[in-house]
Amino acid sequence: MRAVVCEAWGGPEMLVVKDLASPQPKPGELLIKTRAAGVNFPDVLIIQKKYQVQPELPFIPGAEVSGDVLAVGDGVTAFAIGDRVAALCSVGGFAEEVVVEAAKCVKIPKTLSYDIAAAFMLAYGTSWHAVRDRAALQPHETMLVLGAAGGVGLAAVEIGKAIGAKIVAAASSDEKCEICRAHGADEVINYSSEDLREGIKRTCGRGPDVIYDPVGGKYTEAAFRSIGWRGRHVIIGFAAGDIPAIPLNLPLLKGASLVGVFWGEFARREPQNNIKGMAEMLAWMGEGKIQPLISKTYSLDEVPQALMAMAARKVTGKIVVRP
Ligand SMILES: NC(=O)c1ccc[n+]([C@@H]2O[C@H](COP(=O)([O-])OP(=O)(O)OC[C@H]3O[C@@H](n4cnc5c(N)ncnc54)[C@H](OP(=O)(O)O)[C@@H]3O)[C@@H](O)[C@H]2O)c1
């Protein structure tokens, strides 16, 4: 089978495509023929040894896939050969075949495309846990989403709208802002052309109740200084590179909270709550309330370009690899 291999720590240009032997499922595992693999910002970090999970070299990046079950390991009763599944593999996804623990796989309905199934779990799972569970966003509240046209950002926009809240989307170009509007944002701030704090004043009145922050860097403190009374600033990640430090008088003055989110750990420790989130979102998808955007697809050979586009801030919504 063909696979994208990280043989040395470094940028996407260091990745190589190789022919490898097909992996074999051990007890409790499934062998999946990969139809699509979701691309996520952690894929950019993990190959540079900058992510919290650091696999041993060589490894195949790619954290989530959809596809068809090719073989089942001993003891697996919930799946059969030919089942359509989505799976969280953490690594191994950018390959024609991947072995995954059956406990990390779910069957997917025929109505769900392979592309959406592969792009859904990580981004929408993260944003559901952040918005619904950790921030407990309410229908009468306002949520500001930073990096709102990105993978987890656009998922947060859609989930916030499905809850019924007012959504203010902040992004770095007019084109990205328009995509956010098309996915439900009520107001937009282009933080390349408008000062973020001025934009928040213009769109959020007494300040956002929830700030969804996958960007970090200079944006975090600027946004947090504008948060509303009893606001919740949800920390998702640091796509801008710098991990910001916040003066602790700021949460004191607003009676506000800094709320951490680590979806992978949540899914591991609280699988039933994670499944509850997935079920709610699949129902929203059925009602047309959320419609994940797949903005581009790539081949295995084009994985370096896909990761470079993500690192260069050029991706909107989700992108997927079709091995
Ligand atoms: N905590 C968790 O459980 C969890 C789970 C999944 C992902 N994450 C984290 O969430 C973040 C976003 O992931 P994603 O997959 O949604 O990525 P993405 O699609 O690339 O979105 C990231 C957004 O960040 C903004 N950004 C600002 N400065 C940037 C820079 N220097 N380089 C790249 N992007 C920049 C971009 O929006 P603008 O151009 O509009 O500013 C971009 O759309 C990452 O830090 C990731 O590690 C965390």
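Just above sits the structure.
This section reports on the structure supplied with the text. Computed from a predicted structure; not experimentally measured. (Residues numbered from 1 in each chain as written. Predicted model: local features only at pLDDT ≥ 70, side-chain atom pairs only at ≥ 80, totals over all residues. Heavy atoms only, no water.)

### Some points on the overall build of the chain
- Within the chain, the secondary structure is distributed over 10 helices and 15 strands.
- In terms of its C-alpha atoms, the chain occupies a principal-axis envelope of roughly 60 × 40 × 35 Å.
- Out of the 323 residues in the chain, the part that is buried amounts to 54%.
- Put simply, 69% of the contacts in the chain that link residues at least 6 apart link residues at least 24 apart. (Helix = DSSP H or I, 4+ residues; strand = E, 2+ residues; numbered from the N terminus. Buried < 20%, exposed > 50% of the residue type's maximum accessible area, 1.4 Å probe, protein only. Contact = heavy atoms within 4.5 Å.)

### Some words on the packing of helix H5 (residues 196-204) against helix H6 (residues 218-225)
- Interaxial distance between H5 and H6 falls to 9 Å at its minimum, and their mutual angle equals 35°. As for how H5 packs across H6, the hand of that crossing is right-handed. Every residue of H6 that contacts H5 at Leu196, Arg197 and Ile200 is listed here: Tyr219, Ala222, Ala223 and Arg225.
- By residue class, the composition of the contact of H5 with H6 is 5 nonpolar, no polar and 2 charged. (Axes fitted to C-alpha atoms, helices over the stretch in contact; angles between N-to-C directions. Left-handed = near helix turned anticlockwise from the far one by under 90°. Nonpolar A, V, L, I, M, F, W, Y, C, P; charged D, E, K, R; others polar.)

### As for the environment of valine 215
- You can see valine 215 is positioned in the loop between strand E11 (210-213) and H6.
- Judged by relative accessible area, valine 215 falls into the buried class, the value being 9%.
- In contact with valine 215, other than residues within four places in its own chain, are Leu146, Gly147, Tyr191, Gly237, Phe238, Ala239 and Ala240.

### Examining the nonpolar core
- Residues Met143 and Met281 are the most contacted members of the largest nonpolar core, which totals 50 residues.
- Shared between two domains, this core holds at least three residues of each, these being domain 1 (2-108 + 293-321) and domain 2 (123-264).
- Setting aside chain neighbours within four positions, we find methionine 281 in contact with Phe120, Tyr124, Gly125, Trp128, Ile159 and Ile290.
- Core analysis: the next-biggest nonpolar cluster, separate from the first, contains 38 residues, Ile46, Val65, Val98 and Leu300 among them. (Core = buried A, V, L, I, M, F, W, Y, C linked by side-chain atoms within 4.5 Å. Domains from an automatic or database assignment.)

### Section: the environment of lysine 201
- Along the chain, lysine 201 falls in helix H5.
- Judged by its relative accessible area of 58%, lysine 201 is exposed.
- The spatial distance from the C-alpha of lysine 201 to the C-alpha of serine 226 is 7.7 Å, given a sequence separation of 25 residues.

### Focus: the pattern of salt bridges
- Per the stated rule, a full pass over the model turns up 18 salt bridges.
- A salt bridge links arginine 202 to glutamate 194; the shortest N-O distance between them is 2.8 Å.
- Residue arginine 202 is classed as partly exposed on the basis of its relative accessible area of 46%.
- A salt bridge links glutamate 221 to arginine 225; the nearest nitrogen and oxygen atoms lie 2.9 Å apart. Placement of the pair is glutamate 221 and arginine 225 together in helix H6, with a separation of 4 residues, close to one helical turn. (Salt bridge = Lys/Arg side-chain N within 4 Å of Asp/Glu carboxyl O.)

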